[in-house]
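Listed below, chain by chain, are the residues.
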Amino acid sequence: MTAIEQSSDTGELVPAGAGHDAGHDPHATHSGVANAKLAMWLFLASDCLFFGAFIATYLLYRDRPGQTGPTPQDVYNIPFTSVTSFILLMSSLTMVLALAAVQRGDYRRFRVWIMATALFGATFIGGQIFEFTEFTREGLNVDTNLFGSSFFILTGIHGTHVLIGIVWLVALWGLSMQSRISQGDSERVEIAGLYWHFVDVVWIVIFTVIYLLPK
Amino acid sequence: MSDIETQAIEKSGHEPDLPQGDLAYRMAHPAPNLLPGEVRAHPDPWQYVVVAIVLAVITAVEIAVSYMEGDIPDGLIVVLLLAMMVVKFFLVASWFMHLRTDQPIFKRLFIVGAIAAPLLYLIVLATLHGVLAD
């Protein structure tokens, strides 16, 4: 059966989706692509280059000869980082379930999944703080050697991205609590989700290249 | 189909003038429940769960492979880990970020960034590694 919706500009009943035509849909664009979503993808494409610079710097500097202080082999705790990486990976699942919930108008489940995503992200950040504290205790600081500088800056910038994502998710949760997120606003949730998944894919690369590859 | 639905379809004036499989047709005539910018409907929640399970299994294998250092050649470990990393990257991008179902322009934009970054920095690494070693 064809779904029917009320046109936002004329008030007439039209088949769902018919209002997306240019000239009728208030969100229609000349390109036929949602501007906010396009902007987010452009940002993510540029952020690939941003993170690429720091990953390349790390690879270049981590084993420079003549460095004093702890080396990656001395400080990395692979089992611990594996657990926090797994938590961040699973937060992508809860994020996409939150989007699916808001798209079908299930706001209660949306709030549950979006808060679960934020909590997973907060757990990841907690793990990163613990890891940094342990490294400091073992004598590795941001100014100890080139490995320390490049490691802390790379993972710190990623952690900052995660923190921004958590704030964004909590804000969406708060808006939903005030009934200010509706099915029609799902694109806002999707854009936040794109950012969150990007943070996850960047960590997929960092985890493999920085922690797992043979030193 | 009820009368009100028939009336609404007549008012919309959506007469197919392109084959239904054509991208331009699907863009101009989105199926019900599609958001602007989507070409196909998003996967259902169970498909997301299956993708997450696959991601979890690949991560477990990655960690297991990293512990094989010394048992198998380092070169093989590097190849295996990078291959699994790429698979995970594309699983998240295509399923969770909906590059499979959204308009191709998003995919093109992201692929440019995702390919340009490693390409650019491989060149930088190859150049500077030699310079810094001197």
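Here is what the cut-offs are and how they apply
Residues numbered from 1 in each chain as written. Chains lettered and ligands numbered in written order. Predicted model: local features only at pLDDT ≥ 70, side-chain atom pairs only at ≥ 80, totals over all residues. Helix = DSSP H or I, 4+ residues; strand = E, 2+ residues; numbered from the N terminus. Buried ≥ 20, exposed ≤ 12 C-beta atoms within 10 Å, placed from the backbone. Contact = placed C-beta atoms within 7 Å. Expected span 1.5 Å × (residues − 1). Axes fitted to C-alpha atoms, helices over the stretch in contact; angles between N-to-C directions. Parallel < 35°, antiparallel > 145°, perpendicular 65-115°, else oblique. Left-handed = near helix turned anticlockwise from the far one by under 90°. Nonpolar A, V, L, I, M, F, W, Y, C, P; charged D, E, K, R; others polar. Domains from an automatic or database assignment. pLDDT = per-residue confidence, 0-100.

Q: Can you explain the overall build of chain A? Please cite residues and give values.
A: In terms of regular secondary structure, chain A is built from six helices and two strands. Listing every helix and strand of chain A by position from the N terminus yields β-β-α-α-α-α-α-α. Expressed as a percentage of the 215 residues in chain A, the buried residues total 38%. Sequence-distant contacts, at least 24 apart, represent 75% of the contacts inside chain A between residues at least 6 apart.

Q: Lay out the overall build of chain B in plain terms, naming residues and giving numbers.
A: For chain B, the helix and strand inventory stands at five helices and zero strands. Put simply, chain B runs from its N terminus to its C terminus through helices and strands in the order α-α-α-α-α. In chain B, buried positions account for 25% of the 134 residues. Sequence-distant contacts in chain B: of pairs separated by 6 or more residues, those separated by 24 or more amount to 44%.

Q: I'd love a proper account of helix α4 (residues 107-137) of chain A, names of residues and values included.
A: All names here are of chain A. A rise of 1.5 Å per residue sets the reference length of α4, with its 31 residues, at 45 Å; its end C-alpha atoms lie 45 Å apart and thus fit the reference within 8%. All of the buried residues along α4 are Phe 110, Trp 113, Ile 114, Thr 117, Ala 118, Phe 120, Gly 121, Phe 124 and Phe 135. Among the structural elements, α2 (72-75), α3 (78-103), α5 (146-177) and α6 (186-212) are those in contact with the buried residues of α4. Directly beyond the C-terminal end of α4, a positive phi value near 95° is found at Gly 139.

Q: Break down the packing of α3(A) against α6(A) for me, citing the residues and quoting the values.
A: Residue and element names in this part refer to chain A. Following both chains from N to C, one finds α3 and α6 inclined at 160°, their axes separated by 10 Å at the closest point. Viewed along their axes, α3 and α6 adopt a mutual orientation that is roughly antiparallel. Relative to α6, α3 is oriented so that their crossing is left-handed. Of the residues assigned to the contact of α3 with α6, the class counts are 13 nonpolar, eight polar and two charged.

Q: Give a detailed account of the domain arrangement of chain B, specifying residues and quantitative values.
A: Each assigned domain of chain B is listed here: domain 1 (1-30), domain 2 (43-100) and domain 3 (103-134). If you average the C-alpha positions of domain 2 of chain B and of domain 3 of chain B, the two centres end up 21 Å apart.

Q: With reference to specific residues and values, describe the confidence of the model for chain A.
A: This prediction gives chain A a mean pLDDT of 88; 87% of its residues lie at or above 70. Between residues 5-24 of chain A, whose pLDDT stays under 50, and residues either more than four places distant or in other chains, the model counts 44 contacts.

Q: Residue-level account of the environment of Asp44(B), with values.
A: Checked against the element boundaries, Asp44(B) lands in the loop between α2 (23-28) and α3 (45-66). In this structure, the C-alpha to C-alpha distance between Asp44(B) and Leu119(B), residues 75 residues apart in sequence, is 35 Å.

Q: Pulling in residues and values, what's your account of the packing of α5(A) against α6(A)?
A: All names here are of chain A. It is the contact of α5 with α6, at a shortest axis distance of 10 Å, that shows an interaxial angle of 155°. The angle between α5 and α6 falls in the class roughly antiparallel. In this structure, the crossing between α5 and α6 has a hand that is left-handed. Here α5 contributes Leu 154, Thr 155, His 158, His 161, Val 162, Gly 165, Trp 168, Leu 169 and Leu 172 to the contact with α6, which in turn contributes Val 189, Ala 192, Tyr 195, Trp 196, Val 199, Val 202, Trp 203 and Ile 206. A per-class count over the contact of α5 with α6 returns 13 nonpolar, four polar and no charged.

Q: Run through unusual backbone geometry, naming residues and quoting values.
A: Even without being a glycine, Ser179(A) presents a positive backbone phi close to 60°. Residue placement: Ser179(A) occurs in the loop between α5 and α6. For His98(B), which is not glycine, the phi torsion reads 65° and is therefore positive. Positionally, His98(B) belongs in the loop between α4 (74-96) and α5 (104-133). In this structure His98(B) comes out as buried when scored by C-beta crowding, with 25 C-beta atoms within 10 Å.

Q: Summarise the confidence of the model for chain B; cite the residues concerned and give the values.
A: Residues and elements named next belong to chain B. Across chain B, the average pLDDT comes to 80, with 69% of residues at or above 70. The least confident element of chain B, judged by mean pLDDT, is helix α1 (residues 3-12) at 50; the most confident is α3 at 97. Contacts for the low-pLDDT stretch residues 13-18, under 50 throughout, to residues beyond four places or in other chains number seven contacts. In the model output, the complex is listed with pTM 0.82 alongside ipTM 0.85.

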